[in-house]
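Here is how the chains run, residue by residue.
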Amino acid sequence: LLFLKDLGLEDNQLGAFLTKNYAIFSEDLENLQIRVAYLQSKNFSKADITQMVRNAPFLLNFSVERLDNRLGFFQKELQLSVKKTRDLVVRLPRLLTGSLEPVKENMKVFNTRLFKIKERHQFLTYLGRAQYDPAKPNYISLDKLVSIPDRVFCREIAKASEKDFEKFLKTL
């Protein structure tokens, strides 16, 4: 309890913290101190660490290696600077303690969607139909470009067959 108070948790926050993470008592005090020292070595301020522990009670149950891997994952996968990674996990510390699967799935969907938009744009450019200015004829809304299935995209937007689109994709 003294460790948590020294970390910056207030008396009125201890109950909520311990209700969520009573397993903190099974952690070796030296390991907890090493984990805090690790976060400090990554330039997290004491106030940052207090906020992170308050909002993600299991944070200090993670080993230094696991914390390092998590921070590295977010920095690498989201292509963030060290400072932006730090700012992100201070605001959303549960990213470090939660499952990475939903994050990976979201990244896959954002990357897939971006890839699909690029493919469709390139196909429209190839056909001479990439026209995104609403003031001009044959305007293609970005909403339609992104949201409709390939079948509808080919028929209504590209004015081409799905086979033509598939053949084009093989040339990329």
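Residues numbered from 1 in each chain as written. Predicted model: local features only at pLDDT ≥ 70, side-chain atom pairs only at ≥ 80, totals over all residues. Heavy atoms only, no water.

Our working definition: UniProt positions are given in the numbering used here, feature names are shortened, and annotations may be inferred rather than shown by experiment.
The name an unreviewed UniProt entry gives the protein chain is Mitochondrial transcription termination factor 3, with Jaculus jaculus as the organism. Reading the Sequence similarities (unreviewed entry) entry of the UniProt record for the protein chain gives the comment "Belongs to the mTERF family."

**A look at the overall build of the protein chain**
Short version of the rule: Labels follow the DSSP assignment, with helices taken as runs of H or I lasting at least four residues and strands as runs of E lasting at least two, numbered in each case from the N terminus. The reference for a compact globule is 2.2 Å times residues^0.38; the radius of gyration itself is calculated from the C-alpha atoms. Each residue gets one of three labels from its accessible area relative to the maximum for its type: buried under 20%, exposed over 50%, partly exposed in between, using a 1.4 Å probe on protein chains only. Contacts are residue-level and defined by heavy atoms, with any inter-residue pair within 4.5 Å sufficient. With residues, only the protein chains shown are counted as cover, and all accessible areas are computed by Shrake-Rupley using a 1.4 Å probe.
Assigned secondary structure in the protein chain consists of eleven helices and zero strands. Each helix (α) and strand (β) of the protein chain, taken in turn from the N terminus, gives the series α-α-α-α-α-α-α-α-α-α-α. For the protein chain, whose C-alpha radius of gyration is 25 Å, the value lies well above the compact-globule estimate of 16 Å for 172 residues. By residue count, 33% of the 172 residues in the protein chain fall in the buried class. Across the protein chain, the fraction of contacts at a sequence separation of at least 24, relative to all contacts at a separation of at least 6, is 64%. Accessible area of the protein chain: about 11100 Å², with a carbon and sulfur share of 54%.

**Topic: helix H4 (residues 46–55)**
How we decide: Note that the arc is computed from the directions linking the helix axis to the C-beta atoms.
What H4 keeps buried is the set Ile49, Thr50, Met52 and Val53. Projected onto a plane normal to the axis of H4, the buried residues spread over an arc of 165 degrees and lie on a single side. Packed against the buried residues of H4 are helix H1 (2–7), helix H2 (11–20), helix H3 (29–41), helix H6 (82–91) and helix H7 (94–97).

**Quick look at the packing of aromatic side chains**
What counts, and what does not: Aromatic pairing here means that ring centres of Phe, Tyr or Trp (its six-membered ring) are within 6.5 Å. Orientation follows from the plane angle: under 30 degrees is stacked, over 60 is edge-to-face, and everything else is tilted.
Counting across every chain of the model gives six aromatic pairs. Ring plane angle 80 degrees and centroid distance 5.1 Å describe the contact between Phe73 and Phe74, whose orientation is recorded as edge-to-face. Looking at Phe73, the relative accessible area reads 14%, which means it is buried. Taken together, the aromatic side chains of Phe123, Tyr126, Phe153, Phe165 and Phe168 make up a single cluster linked through ring pairs.

**Section: a nonpolar patch on the surface**
Operational definition: A patch consists of residues exposed above 30% relative accessible area that lack any salt bridge, with like charges linked at up to 9 Å and nonpolar side chains (Val, Leu, Ile, Met, Phe, Trp, Tyr) linked at up to 5 Å. What counts as a salt bridge is simple: a side-chain nitrogen of Lys or Arg found within 4 Å of a carboxyl oxygen of Asp or Glu.
Taken together, the side chains of Leu1, Tyr22 and Phe25 make up a nonpolar region of the molecular surface, amounting to roughly 400 Å² of accessible area. The topology assignment puts Leu1 in the segment before H1.

**Focus: the nonpolar core**
Note the following rule: Here, the term nonpolar core denotes a set of buried Ala, Val, Leu, Ile, Met, Phe, Trp, Tyr and Cys residues that are joined through side-chain atoms within 4.5 Å.
Within the largest apolar cluster, 30 residues are counted, with the highest numbers of intra-cluster contacts made by Phe44, Val53, Leu59 and Leu60. Among the secondary structure elements, those contributing two or more residues to this core are H1, H2, H3, H4, helix H5 (64–77), H6 and helix H8 (101–127). Sequence-distant contacts of Val53, defined by excluding residues within four places in its chain, comprise Leu7, Leu9, Phe17, Leu59 and Leu60. Listed in part, the 13 residues of the second largest apolar core include Cys154, Ile157, Ala158 and Phe165.

**Remarks on the pattern of salt bridges**
Counted according to the given criterion, the structure contains eight salt bridges. Salt-bridge contacts for Glu101 lead to Lys104; the nearest nitrogen and oxygen are separated by 3.8 Å. You can see Glu101 and its partner Lys104 sitting in helix H8, three residues apart, about one turn around the helix. What makes Lys104 partly exposed here is its relative accessible area of 40%.

**Regarding the confidence of the model for the protein chain**
How we decide: The predictor rates its confidence in each residue with pLDDT, a number between 0 and 100.
Considering every residue of the protein chain, the mean pLDDT works out to 93; 99% of them sit at 70 or more. Per-element confidence in the protein chain is highest for H3, whose mean pLDDT is 97, and lowest for helix H9 (residues 142–147), whose mean pLDDT is 82.

**Focus on the packing of H3 against H5**
For the record, the criterion: Every angle, taken between N-to-C directions, lies between 0 and 180 degrees, and every axis is a line fitted to C-alpha atoms, over only the stretch in contact when it is a helix. What sets the label is the angle itself: under 35 degrees gives roughly parallel, over 145 gives roughly antiparallel, 65 to 115 gives roughly perpendicular, and the rest give oblique. We call a crossing left-handed when the near helix sits turned anticlockwise from the far one by less than a right angle, and right-handed when that turn is clockwise. Side-chain classes are defined by residue name, with Ala, Val, Leu, Ile, Met, Phe, Trp, Tyr, Cys and Pro counting as nonpolar, Asp, Glu, Lys and Arg as charged, and the others, Gly among them, as polar.
Two elements in contact, H3 and H5, have axes whose closest approach is 10 Å; the angle formed by their N-to-C orientations is 30 degrees. Judged by the inter-axis angle, H3 sits roughly parallel to H5. When the axes of H3 and H5 are compared, the crossing they make is right-handed. Between H3 and H5, the contacting residues are Ile34, Arg35 and Tyr38 on the first element and Val64, Leu67, Asp68 and Leu71 on the second. When the residues that make up the contact of H3 with H5 are grouped by side-chain class, the tally is five nonpolar, no polar and two charged.

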